[in-house]
Amino acid sequence: MGFSRYVEVGRVVYINHGPDAGKLATVVDIVDQNKCLIDGPEEITGVSRQVIPYKRIALTDLTVKIQRNARAKTMKAAWKEGNTLAQWEGSSWAQKLEAKKKRSNLSDFDRFKVMVAKKQKSRIIALKIKELKA
């Protein structure tokens, strides 16, 4: 199984560092071996056109059909046509990030309730397994 995520025009990336951390963007052009030009489109993802180093982005499996240095209007149309945002929200990566965000917002009492629920669940499972073995 070979590597399949390449930095290419139209590749959707997840920004993992900086002021736009946690947002999606699209590679519009490749500047050099360390940087690329990305754009949101801003109306959909909130990321303006900017040059960003590869260290600050993570490549996703999603791509959008655009030409090099595409305009914002063209990119917005390509995102809508490809249903890119819905594909991202359906991916396991986005679901894990959402779960992580939800867990980080829990209060101490909420974490306690989760612990109690896990204990109850494991007790029920243990009793059912014991019952099946007998």
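Residues numbered from 1 in each chain as written. Predicted model: local features only at pLDDT ≥ 70, side-chain atom pairs only at ≥ 80, totals over all residues. Heavy atoms only, no water.

(A) Region of interest: the packing of aromatic side chains. Tallying each qualifying case throughout the model produces five aromatic pairs. Between tyrosine 14 and tryptophan 88, the ring centres sit 5.9 Å apart and the planes meet at 20°, which makes this aromatic pair stacked. You can see tyrosine 14 sitting in strand E1 (residues 11-15) and its partner tryptophan 88 sitting in helix H3 (residues 84-90), a full 74 residues away along the chain. Side by side, tyrosine 14 and tryptophan 88 carry an identical accessibility label, which is buried. Three or more aromatic residues joined by ring pairs make a cluster, and in this case those are Tyr14, Trp88 and Trp93. (Phe/Tyr/Trp six-rings, centres within 6.5 Å; stacked < 30°, edge-to-face > 60°. Helix = DSSP H or I, 4+ residues; strand = E, 2+ residues; numbered from the N terminus. Buried < 20%, exposed > 50% of the residue type's maximum accessible area, 1.4 Å probe, protein only.)

(B) Molecular detail of the side chain of threonine 26. Relative to the assigned elements, threonine 26 resides in strand E2 (residues 24-30). Judged by relative accessible area, which is 0%, threonine 26 ranks as buried. One polar contact links threonine 26 to tryptophan 79, side chain to side chain, over a distance of 2.8 Å. If we skip the residues at most four places from it in the chain, threonine 26 touches Gly10, Arg11, Val12, Leu37, Ile38, Asp39, Gly40, Ile66, Met75 and Trp79. (Polar contact = N/O pair within 3.5 Å; in protein donor to acceptor, adjacent residues only side chain to side chain. Contact = heavy atoms within 4.5 Å.)

(C) Quick look at the environment of isoleucine 52. Among the secondary structure elements, isoleucine 52 is positioned in strand E4 (residues 50-53). For isoleucine 52, a relative accessible area of 6% gives the class buried. Distance in space between the C-alpha atoms of isoleucine 52 and glycine 18 is 9.6 Å, their sequence separation being 34 residues. Excluding residues within four positions of it along the chain, isoleucine 52 makes contact with Ile15, Asn34, Lys35, Cys36, Ile38 and Ile57.

(D) How the structure looks around the nonpolar core. If you look at the biggest cluster of nonpolar residues, it comprises 14 residues, and the most contacted ones within it are Val12, Leu24, Val64, Ile66, Met75, Trp79 and Trp88. Going through the elements one at a time, E1, E2 and helix H2 (72-82) are the ones with two or more residues in this core. Among the elements that line this core, the one with the most residues is H2, at three residues. Each residue touching isoleucine 66, except ones within four places of it in the same chain, is listed here: Val9, Gly10, Thr26, Val27, Met75 and Ala78. Counting 10 residues, the second-largest nonpolar core is a separate cluster that includes Ala25, Val27, Cys36 and Ile57. (Core = buried A, V, L, I, M, F, W, Y, C linked by side-chain atoms within 4.5 Å.)

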